[in-house]
Amino acid sequence: DAGVTQSPTHLIKTRGQQVTLRCSPKSGHDTVSWYQQALGQGPQFIFQYYEEEERQRGNFPDRFSGHQFPNYSSELNVNALLLGDSALYLCASSLYLGTAYNEQFFGPGTRLTVL
Amino acid sequence: AQSVAQPEDQVNVAEGNPLTVKCTYSVSGNPYLFWYVQYPNRGLQFLLKYITGDNLVKGSYGFEAEFNKSQTSFHLKKPSALVSDSALYFCAVRDKGTGGFKTIFGAGTRLFVKA
(Lines give C-alpha, C1' and ligand atoms only; values in the text may rest on other atoms or scores of the structure.)
Protein backbone atom coordinates (compact mmCIF):
# COMPACT_ATOMS: atom_id res chain seq x y z
CA ASP A 1 0.00 0.00 0.00
CA ALA A 2 1.62 3.22 -1.16
CA GLY A 3 1.62 6.01 1.35
CA VAL A 4 1.38 9.68 0.54
CA THR A 5 3.52 10.61 -2.44
CA GLN A 6 4.65 14.05 -3.52
CA SER A 7 6.37 15.37 -6.61
CA PRO A 8 8.80 16.77 -7.37
CA THR A 9 11.23 16.08 -4.54
CA HIS A 10 13.21 19.26 -5.08
CA LEU A 11 12.52 22.39 -7.07
CA ILE A 12 14.48 25.56 -7.75
CA LYS A 13 12.68 28.66 -9.01
CA THR A 14 13.41 32.37 -9.31
CA ARG A 15 11.46 35.23 -7.82
CA GLY A 16 8.25 36.04 -9.64
CA GLN A 17 7.83 32.60 -11.14
CA GLN A 18 4.96 30.23 -10.53
CA VAL A 19 5.19 26.68 -9.19
CA THR A 20 2.89 23.65 -8.97
CA LEU A 21 3.41 20.88 -6.43
CA ARG A 22 1.57 17.57 -6.57
CA CYS A 23 0.32 15.11 -3.98
CA SER A 24 -1.29 11.68 -4.12
CA PRO A 25 -2.99 10.67 -0.88
CA LYS A 26 -2.70 7.35 0.88
CA SER A 27 -5.04 4.75 -0.60
CA GLY A 28 -8.53 5.11 0.84
CA HIS A 29 -8.04 8.67 2.05
CA ASP A 30 -10.26 11.48 0.79
CA THR A 31 -8.90 14.60 2.49
CA VAL A 32 -5.68 16.43 1.69
CA SER A 33 -4.03 19.20 3.67
CA TRP A 34 -0.98 21.25 2.70
CA TYR A 35 1.63 22.67 5.05
CA GLN A 36 4.65 24.93 4.71
CA GLN A 37 7.62 24.12 6.91
CA ALA A 38 10.36 26.73 6.98
CA LEU A 39 13.79 25.69 8.19
CA GLY A 40 13.82 25.17 11.95
CA GLN A 41 10.10 25.71 12.35
CA GLY A 42 6.98 23.64 12.72
CA PRO A 43 4.63 23.05 9.79
CA GLN A 44 2.22 25.90 9.07
CA PHE A 45 -1.23 24.99 7.78
CA ILE A 46 -1.97 26.35 4.29
CA PHE A 47 -5.34 24.78 3.40
CA GLN A 48 -7.39 21.60 3.36
CA TYR A 49 -9.33 20.01 0.52
CA TYR A 50 -12.23 17.61 0.74
CA GLU A 51 -14.72 16.71 -1.99
CA GLU A 52 -12.75 18.91 -4.40
CA GLU A 53 -13.41 22.04 -2.34
CA GLU A 54 -11.22 24.13 -0.06
CA ARG A 55 -12.64 23.56 3.41
CA GLN A 56 -10.24 25.38 5.68
CA ARG A 57 -7.50 27.92 5.06
CA GLY A 58 -4.62 29.19 7.14
CA ASN A 59 -3.04 32.64 7.10
CA PHE A 60 -1.56 32.50 3.63
CA PRO A 61 -2.07 35.05 0.82
CA ASP A 62 -4.11 34.39 -2.28
CA ARG A 63 -0.88 33.64 -4.15
CA PHE A 64 -1.28 30.20 -2.64
CA SER A 65 -4.05 28.23 -4.29
CA GLY A 66 -4.94 24.61 -4.67
CA HIS A 67 -7.05 22.02 -6.33
CA GLN A 68 -8.33 18.54 -5.58
CA PHE A 69 -9.18 16.11 -8.34
CA PRO A 70 -11.90 13.42 -8.41
CA ASN A 71 -9.28 10.76 -7.57
CA TYR A 72 -8.48 12.78 -4.38
CA SER A 73 -5.02 13.84 -5.56
CA SER A 74 -4.18 17.49 -5.08
CA GLU A 75 -2.06 20.34 -6.37
CA LEU A 76 -0.62 23.35 -4.60
CA ASN A 77 0.06 26.39 -6.78
CA VAL A 78 2.12 29.37 -5.71
CA ASN A 79 2.22 32.47 -7.92
CA ALA A 80 4.66 35.39 -7.91
CA LEU A 81 7.22 33.52 -5.83
CA LEU A 82 9.08 35.38 -3.11
CA LEU A 83 12.36 34.47 -1.45
CA GLY A 84 10.38 33.79 1.72
CA ASP A 85 8.45 31.02 0.02
CA SER A 86 11.54 28.82 0.21
CA ALA A 87 10.53 25.92 2.44
CA LEU A 88 9.58 22.27 2.64
CA TYR A 89 6.01 21.81 1.49
CA LEU A 90 4.24 18.88 3.08
CA CYS A 91 1.10 17.16 1.97
CA ALA A 92 -0.95 15.16 4.46
CA SER A 93 -3.92 12.91 3.83
CA SER A 94 -6.60 11.53 6.10
CA LEU A 95 -10.03 9.95 6.05
CA TYR A 96 -12.59 12.62 6.78
CA LEU A 97 -15.68 10.78 8.03
CA GLY A 98 -16.98 14.09 9.37
CA THR A 99 -14.55 14.01 12.27
CA ALA A 100 -11.60 16.13 13.25
CA TYR A 101 -9.56 13.48 15.03
CA ASN A 102 -8.39 11.04 12.39
CA GLU A 103 -4.61 11.11 12.19
CA GLN A 104 -2.93 12.51 9.14
CA PHE A 105 -0.33 10.68 7.07
CA PHE A 106 2.39 12.90 5.67
CA GLY A 107 4.34 12.68 2.45
CA PRO A 108 8.11 13.24 2.32
CA GLY A 109 7.67 16.80 1.12
CA THR A 110 8.84 18.98 -1.75
CA ARG A 111 11.82 21.20 -1.03
CA LEU A 112 11.27 24.52 -2.84
CA THR A 113 14.15 26.95 -3.19
CA VAL A 114 13.45 30.44 -4.54
CA LEU A 115 16.48 32.38 -5.79
CA ALA B 1 -7.50 30.87 18.69
CA GLN B 2 -5.90 27.51 19.25
CA SER B 3 -2.18 27.41 19.97
CA VAL B 4 0.55 25.01 21.00
CA ALA B 5 3.78 25.72 22.85
CA GLN B 6 6.84 23.52 23.11
CA PRO B 7 9.00 25.32 25.66
CA GLU B 8 12.21 23.40 24.97
CA ASP B 9 14.09 23.71 21.70
CA GLN B 10 16.21 20.71 22.60
CA VAL B 11 16.15 17.84 25.08
CA ASN B 12 19.21 15.74 25.83
CA VAL B 13 18.96 12.36 27.53
CA ALA B 14 21.19 9.34 27.97
CA GLU B 15 20.21 6.03 26.42
CA GLY B 16 18.19 3.94 28.85
CA ASN B 17 16.97 6.94 30.84
CA PRO B 18 13.37 8.14 30.78
CA LEU B 19 12.56 11.06 28.50
CA THR B 20 9.94 13.79 28.56
CA VAL B 21 9.16 16.28 25.81
CA LYS B 22 6.87 19.05 26.99
CA CYS B 23 3.83 20.56 25.32
CA THR B 24 1.19 23.00 26.49
CA TYR B 25 -1.88 24.01 24.56
CA SER B 26 -4.62 26.61 24.41
CA VAL B 27 -8.04 25.70 23.01
CA SER B 28 -11.54 27.08 23.23
CA GLY B 29 -13.28 23.71 23.49
CA ASN B 30 -12.37 20.08 23.89
CA PRO B 31 -8.82 19.51 22.68
CA TYR B 32 -7.78 17.03 20.03
CA LEU B 33 -4.04 16.63 20.63
CA PHE B 34 -1.37 14.85 18.62
CA TRP B 35 2.33 14.03 18.66
CA TYR B 36 4.35 13.57 15.47
CA VAL B 37 8.01 12.73 14.90
CA GLN B 38 10.17 13.89 12.00
CA TYR B 39 13.40 12.18 10.99
CA PRO B 40 15.93 14.00 8.76
CA ASN B 41 14.74 14.60 5.20
CA ARG B 42 11.48 12.81 5.84
CA GLY B 43 7.86 13.73 6.44
CA LEU B 44 6.12 13.62 9.77
CA GLN B 45 5.07 10.32 11.31
CA PHE B 46 2.09 10.00 13.65
CA LEU B 47 2.94 8.81 17.17
CA LEU B 48 -0.24 9.14 19.21
CA LYS B 49 -3.34 11.21 19.86
CA TYR B 50 -5.68 12.22 22.65
CA ILE B 51 -9.35 12.58 21.85
CA THR B 52 -11.16 11.74 25.07
CA GLY B 53 -11.08 9.22 27.90
CA ASP B 54 -7.99 7.92 29.66
CA ASN B 55 -5.46 10.66 30.35
CA LEU B 56 -2.54 8.35 29.56
CA VAL B 57 -2.34 7.62 25.86
CA LYS B 58 -0.06 4.93 24.45
CA GLY B 59 1.37 5.18 20.98
CA SER B 60 3.98 3.88 18.58
CA TYR B 61 7.58 2.86 19.39
CA GLY B 62 6.91 2.72 23.15
CA PHE B 63 5.92 6.37 23.47
CA GLU B 64 3.08 7.57 25.65
CA ALA B 65 1.64 10.95 26.53
CA GLU B 66 -0.14 12.28 29.56
CA PHE B 67 -3.05 14.66 29.13
CA ASN B 68 -3.50 17.10 32.01
CA LYS B 69 -6.53 19.32 31.61
CA SER B 70 -5.87 21.54 34.63
CA GLN B 71 -2.34 22.30 33.45
CA THR B 72 -3.33 22.30 29.75
CA SER B 73 -0.40 20.03 29.03
CA PHE B 74 0.20 17.00 26.85
CA HIS B 75 3.75 15.84 27.58
CA LEU B 76 5.34 13.05 25.56
CA LYS B 77 7.15 10.37 27.55
CA LYS B 78 9.11 7.18 27.14
CA PRO B 79 10.37 5.03 30.04
CA SER B 80 13.70 4.12 28.39
CA ALA B 81 15.20 6.19 25.57
CA LEU B 82 16.96 4.70 22.56
CA VAL B 83 19.59 6.36 20.38
CA SER B 84 17.24 5.79 17.46
CA ASP B 85 14.65 8.05 19.17
CA SER B 86 16.82 11.04 18.27
CA ALA B 87 14.63 13.18 16.02
CA LEU B 88 12.43 16.27 15.89
CA TYR B 89 9.15 16.00 17.80
CA PHE B 90 6.06 18.09 17.17
CA CYS B 91 3.02 18.56 19.34
CA ALA B 92 -0.17 19.59 17.53
CA VAL B 93 -3.74 20.59 18.27
CA ARG B 94 -6.64 20.13 15.91
CA ASP B 95 -9.00 23.05 15.38
CA LYS B 96 -12.31 22.00 13.90
CA GLY B 97 -13.97 24.70 11.88
CA THR B 98 -16.96 24.81 9.59
CA GLY B 99 -16.63 22.12 6.95
CA GLY B 100 -13.13 21.04 7.84
CA PHE B 101 -10.27 21.27 10.28
CA LYS B 102 -6.77 22.65 10.57
CA THR B 103 -3.88 21.27 12.56
CA ILE B 104 -1.72 23.73 14.44
CA PHE B 105 1.81 22.56 15.19
CA GLY B 106 4.28 23.66 17.81
CA ALA B 107 7.75 24.81 16.84
CA GLY B 108 9.21 21.41 17.60
CA THR B 109 11.66 19.95 20.12
CA ARG B 110 14.84 18.26 19.00
CA LEU B 111 15.60 15.16 21.05
CA PHE B 112 19.17 13.94 21.34
CA VAL B 113 19.72 10.53 22.92
CA LYS B 114 23.35 9.85 23.75
CA ALA B 115 24.74 6.32 23.85
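Up top is the structure.
Okay, so let's go over this structure. (Residues numbered from 1 in each chain as written. Chains lettered and ligands numbered in written order. Predicted model: local features only at pLDDT ≥ 70, side-chain atom pairs only at ≥ 80, totals over all residues. Heavy atoms only, no water.)

1. Quick notes on the sheet that holds strand 7 (residues 64–68) of chain A
Within a sheet, adjacent strands bond to each other through the backbone by hydrogen bonds, running parallel or antiparallel. Residues and elements named next belong to chain A. With antiparallel pairing, the four strands of this open sheet are ordered in space as 1-3-8-7. With partners counted over all chains shown, the strands left at the sheet margins are strand 1 (5–7) and strand 7, one partner each. Going from strand to strand, the sheet's axes swing by 20° on average, the running direction of each strand aside. (Pairing = 2+ DSSP bridges. Helix = DSSP H or I, 4+ residues; strand = E, 2+ residues; numbered from the N terminus. Axes fitted to C-alpha atoms, helices over the stretch in contact; angles between N-to-C directions.)

2. Thoughts on the nonpolar core
Trp35, Leu47, Leu48, Phe74, Leu76 and Tyr89 of chain B are the most contacted members of the largest nonpolar core, which has 27 residues in total. Of all the secondary-structure elements, those providing two or more residues to this core are strand 2 (10–14), strand 3 (19–21), strand 5 (32–38), strand 6 (44–50), strand 8 (64–68), strand 9 (73–78), strand 10 (87–97) and strand 12 (109–114) of chain B. With four residues, the single largest contributor to this core is strand 10 of chain B. Counting residues in hydrophobic clusters, the runner-up holds 20 residues, among them Val32, Phe47, Tyr49 and Tyr89 of chain A. (Core = buried A, V, L, I, M, F, W, Y, C linked by side-chain atoms within 4.5 Å. Buried < 20%, exposed > 50% of the residue type's maximum accessible area, 1.4 Å probe, protein only.)

3. Regarding the interface of chain B and chain A
Size of an interface, as often reported, equals the accessible area lost when the parts are brought together. Each partner contributes to the interface: chain B provides 23 residues, whereas chain A provides 26 residues. Here chain B and chain A share an interface that buries about 2000 Å² over both sides, 54% of which is from carbon and sulfur atoms. Scanning the region where chain B abuts chain A turns up one salt bridge. One salt bridge in this structure joins Lys49 of chain B and Glu103 of chain A, with 2.8 Å as the shortest N-O distance. The tally of links between chain B and chain A comes to seven residue pairs in polar contact (both at pLDDT 80 or more). With five residues, the top contributor of residues to the side of chain B that touches chain A is strand 11 (residues 100–105) of chain B. Across the side of chain B that touches chain A, the residue classes break down as ten nonpolar, eight polar and five charged. (Contact = heavy atoms within 4.5 Å. Buried area = accessible area lost by both parts, 1.4 Å probe. Salt bridge = Lys/Arg side-chain N within 4 Å of Asp/Glu carboxyl O. Polar contact = N/O pair within 3.5 Å; in protein donor to acceptor, adjacent residues only side chain to side chain. Nonpolar A, V, L, I, M, F, W, Y, C, P; charged D, E, K, R; others polar.)

4. Quick word on the layout of surface pockets
Empty space among the atoms becomes visible once a probe the size of a water molecule is rolled across them. The volume enclosed by the largest pocket comes to roughly 330 Å³. If you trace the largest pocket, you find 18 residues lining it, with Gln37 and Gly40 of chain A together with Gln38, Leu88 and Arg110 of chain B closest to the centre. Class assignment for the residues of the lining of the largest pocket results in eight nonpolar, seven polar and three charged. When its volume is computed, the second largest pocket comes out at roughly 250 Å³. Gln44, Phe45 and Asn59 of chain A together with Lys102 and Ile104 of chain B are the residues nearest the centre of the second largest pocket, which is lined by 13 residues in total. Of the residues that constitute the lining of the second largest pocket, the class distribution is six nonpolar, five polar and two charged. (1 Å grid on protein atoms, 1.4 Å probe; cavity = no way out; pocket = protein on both sides within 12 Å on 5 of 7 lines; lining within 4 Å. Points joined across faces, edges and corners; volume = space filled by probe spheres on them.)

5. A look at the state of the cysteines
Residues and elements named next belong to chain A. By the definition in use, this model includes two disulfides over all chains. Between the sulfur atoms of Cys23 and its disulfide partner Cys91 the distance amounts to 1.8 Å. Of note, the bridge from Cys23 to Cys91 carries an S-S torsion of about -60° and is left-handed in sense. Of this pair, Cys23 sits in strand 3 (residues 19–24) while Cys91 sits in strand 9 (residues 87–94), and the two are 68 residues apart along the sequence. (Disulfide = S-S within 2.5 Å.)

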